[in-house]
Amino acid sequence: MKDSIICELYEEAVSRAELIVPEGSEYMEACERSAEAEALLRKALSEQQKVLFENFIVACRLVQKIEDEENYRQGVSLGVRLTAEAFVTSKRG
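Each chain has its residues counted from 1, following the order in which its sequence is written. Predicted model: local features are reported for residues with pLDDT of at least 70 only, side-chain atom pairs are reported and counted for 80 or more only, and whole-chain, interface and lining totals are derived from all residues. Side-chain measures were taken over the full set of non-hydrogen atoms in the model, leaving aside hydrogen atoms and water.

Asks: Any chance you could explain a nonpolar patch on the surface here in plain terms?
Replies: Together, V21, Y27 and M28 make up an exposed nonpolar region whose accessible area comes to about 270 Å². Secondary structure elements follow DSSP: runs of H or I of four or more residues count as helices, runs of E of two or more count as strands, with numbering from the N terminus. Relative to the helices and strands, M28 is located in helix α2 (residues 25-44). Residue classification places M28 among the partly exposed positions, given a relative accessible area of 41%. Exposure above 30% relative accessible area and no salt bridge define the residues that can form patches, which grow by joining like charges within 9 Å and nonpolar side chains of Val, Leu, Ile, Met, Phe, Trp and Tyr within 5 Å. Under the convention used here, a 1.4 Å probe and the Shrake-Rupley method define accessible areas, while residue burial counts only the protein chains that appear. The working definition used for a salt bridge is a side-chain nitrogen of Lys or Arg within 4 Å of a carboxyl oxygen of Asp or Glu. Type-normalised accessible area, obtained with a 1.4 Å probe on protein chains alone, sets the label of each residue: buried when under 20%, exposed when over 50%, and partly exposed for intermediate values.

If you want it as structure tokens, here you go:
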């Protein structure tokens, strides 16, 4: 079954989004804190716990990917509805 056009647009947008990095010290500081916290956590874990943690990270990323795709789909759908309404309203006026 072929993906919807919105899904195709999302996949293309994701590849372009990888080239975009938010600007600002807040983002950079958050990234640094996240990396440091993860490194400290991994040091404290046993090998078995590291495997469990990695499985958790993979599962979280999958959930995030699905949520991101749905957010994108909802945003595109809203944009299309707003555009359609603008055309209908402008024809009435």
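From this point, things continue past the structure.
Asks: Would you mind going over the pattern of salt bridges with me for this structure?
Replies: Two side chains carrying opposite charge are able to pair once their charged atoms lie near each other. In this structure the tally under the stated criterion is five salt bridges. Among the salt bridges present, the one from E47 reaches K50, with a minimum N-O distance of 3.4 Å. With E47 and K50 both in helix α3 (residues 47-92) and three residues apart, this pair spans about one turn of that helix. For K50, a relative accessible area of 27% translates into the label partly exposed. Across the pair E70 and R73 runs a salt bridge whose closest N-O atoms are separated by 2.7 Å. Residue E70 and its partner R73 are both found in helix α3; the two are separated by three residues, about one turn of the helix. The exposure class assigned to E70 is partly exposed, which follows from its relative accessible area of 34%. On the accessibility criterion, R73 (31% relative accessible area) is partly exposed. By sharing partners, the salt bridges in this structure join E38, R42 and E54 into a single network.

Asks: Help me understand the confidence of the model for the chain in this model?
Replies: The predictor attaches a confidence to each residue, and that confidence, scored 0 to 100, is pLDDT. Here the chain averages 86 in pLDDT, while 85% of its residues score no lower than 70. Here helix α1 (residues 5-17) stands out as the least confident element of the chain, with mean pLDDT 72; α2 is the most confident, with 95.

Asks: What exactly am I supposed to notice about a negative patch on the surface here?
Replies: Counted charges follow a simple rule, with Lys and Arg positive, Asp and Glu negative, and His plus the chain ends left uncounted. Charge placement uses NZ in Lys and CZ in Arg. For Asp and Glu, CG and CD serve respectively. A contiguous patch of negative charge, built from E26, E29, E32 and E36, is present on the exposed surface. Tracing the backbone shows E29 in helix α2.

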